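# Reading the structure
Residues per chain, in single letters:
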Amino acid sequence: MRPIRACIDLSALTFNLQLIKKIAKNSKVMAVLKANAYGHGLVESAKALKNAEGLAVLTVDEAIKIRKVGYKNTILLLEGFFRAEEVYEAERLNLNIVIHNEKQIDFLNNTVLKKPLDIHLKINTGMNRLGFPPDDIDYLIENLNANPNISDITLMTHFATADEKEGIKKQLDCFNQATNKYNLSTSVANSAALYKFPESRLDWVRPGIMLYGASPFEDIPSKELHVKPVMSLVSEIIAIQDVKFGEAVGYGNSYVAKQDMRIGIV
């Protein structure tokens, strides 16, 4: 009953998807819906993004919910398997799987599937969180191609500084050097990269925060990107205080009144 509401405009989400499709017109869009679609509602957002070629989530439970509402396109499990039994769930739900460590490859090696899975092989080009070293790619692809449980392979990486001055050149060069010899699908661009660096708009782009109407850049406002905010917060004034010149408001005395004033607490 508290007087605060988060209002979600799903038409803005659809608008932002169409804008991204225009920017990356030669790429397929893998819309990122992790963390309950960034707090916007997983199922509702999935419906609004039905025209995306793919949706990316973190958990099998999220994928189940999206399949139940009739989404037929690609669903990518962004962090891959955590347990061996998830391999069978991925087969049942027809999921694409990110593979970023040897344990996940072992799960696939020790399973017999009726239908092979499409995987996204993650290469660590400098983020240093998830992914295999570029020097291992030749060995990995040779072995993955020999695995009957694996169908198509997409090569992917993730940029650490696409939204900063350093940009993506170092990581993109590393990715290209490791992968150019292969005629495989590729996926590298997050929101910042797909907007700022046309060379990153490969077979797939993976917008996240931009889809929801926020800018990934500190120095470029969302209005300049022409995205529409999907969420707005609405509340009411719940208290009024009379504050004299020099008195402080809030934790850490973060605001000091420059004159006698009346303030509202929202």
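Summarised in this report is the structure supplied together with it. (Residues numbered from 1 in each chain as written. Predicted model: local features only at pLDDT ≥ 70, side-chain atom pairs only at ≥ 80, totals over all residues. Heavy atoms only, no water.)

Our next topic: the overall build of the protein chain. Helix and strand counts for the protein chain stand at ten helices and 14 strands. In terms of overall dimensions, the protein chain has a C-alpha envelope of 75 × 40 × 35 Å along the principal axes. Restricting to contacts in the protein chain with at least 6 residues of sequence separation, those with at least 24 account for 55%. Just so you have it, the protein chain exposes about 14700 Å², and 51% of that area is on carbon and sulfur atoms. Of note, the protein chain has its 32 positive side-chain charges centred 7 Å away from the centre of its 31 negative side-chain charges. (Helix = DSSP H or I, 4+ residues; strand = E, 2+ residues; numbered from the N terminus. Contact = heavy atoms within 4.5 Å. Areas by Shrake-Rupley, 256 points an atom, 1.4 Å probe, with all protein chains shown as cover. Lys, Arg positive; Asp, Glu negative; His and termini not counted. Charge placed at Lys NZ, Arg CZ, Asp CG, Glu CD.)

Looking now at unusual backbone geometry. Most peptide bonds take the trans configuration, and most residues that are not glycine carry a negative phi. Even without glycine at this site, tyrosine 38 takes up a positive phi of about 55°. Secondary-structure assignment places tyrosine 38 in helix α2 (residues 34-39).

This part covers the nonpolar core. Grouped together as the largest cluster of nonpolar side chains are 68 residues, with contacts concentrated most on Leu33, Leu55, Ile66, Phe81, Ile99 and Leu121. Beyond its immediate stretch of four places on either side in the chain, phenylalanine 81 contacts Glu86, Val87, Ala90, Ile97, Ile99, Gln104, Phe107, Leu108 and Leu117. Residues Met30, Val32, Ala56 and Met156 belong to the second largest nonpolar core, which totals eight residues. (Core = buried A, V, L, I, M, F, W, Y, C linked by side-chain atoms within 4.5 Å. Buried < 20%, exposed > 50% of the residue type's maximum accessible area, 1.4 Å probe, protein only.)

Bringing the pattern of salt bridges into the picture now. Applying the stated rule across the entire model yields seven salt bridges. The shortest N-O distance in the salt bridge between glutamate 85 and arginine 83 comes to 3.1 Å. Aspartate 173 is the salt-bridge partner of lysine 169, the closest N and O atoms lying 2.6 Å from each other. Here lysine 169 pairs with aspartate 173, and both are found in helix α8 (residues 169-179), just four residues apart, close to one helical turn. The exposed category is assigned to lysine 169, whose relative accessible area is 58%. Connected through salt bridges with shared partners, the residues Arg83, Glu85 and Glu86 form a single ionic network. (Salt bridge = Lys/Arg side-chain N within 4 Å of Asp/Glu carboxyl O.)

Here the focus is the pairing of strand β6 (residues 117-122). Burial analysis of β6 places five of its six residues in the buried class, the great majority of the element. Across three bridges, strand β5 (residues 96-99) lies against β6 in parallel orientation. Across the sheet, valine 98 pairs through a bridge with histidine 120, a residue of β6. Crossover connection from β5 via helix α6 (residues 102-109) to parallel β6: handedness right-handed. Bridging between β6 and strand β7 (residues 150-156) involves five bridges; their strand directions are parallel. By the bridge assignment for β7, lysine 122 is matched with methionine 156. Read as a crossover between parallel neighbours, the route from β6 over helix α7 (residues 137-145) to β7 is right-handed. (Pairing = 2+ DSSP bridges. Right-handed = clockwise from strand over helix to strand, strands pointing away.)

Turning to helix α4 (residues 60-68), a few remarks are in order. Quick reminder: α-helices carry 3.6 residues per turn. Residues three or four places apart thus point the same way. Listed in full, the buried residues belonging to α4 are Val60, Glu62, Ala63, Ile64, Ile66 and Arg67. Among the structural elements, α2, α3 (42-48), β3 (54-57), β4 (74-77) and α5 (86-93) are those in contact with the buried residues of α4.

With that settled, the discussion passes to the sheet that holds β3. Strand order in the closed barrel formed by eight strands is β2-β3-β4-β5-β6-β7-β8-β9, with parallel pairing between adjacent strands. Here β3 pairs with β4 via four bridges, running parallel. Residue glycine 54 lies in a different strand from β4, and its bridge partner there is threonine 74. Seen against the sheet, α6 touches β5, β6 and β7 and runs at an angle of roughly 135° to β5. (Axes fitted to C-alpha atoms, helices over the stretch in contact; angles between N-to-C directions.)

Looking now at the environment of alanine 146. Relative to the helices and strands, alanine 146 resides in the loop between α7 and β7. Considered as a pair, alanine 146 and alanine 6 are 140 residues apart in the sequence and their alpha carbons are 49 Å apart.

This paragraph deals with the environment of aspartate 242. Following the sequence through the fold, aspartate 242 ends up in strand β11 (residues 239-243). Spatially, the C-alpha atoms of aspartate 242 and glutamate 218 are 35 Å apart, while their sequence positions differ by 24 residues.

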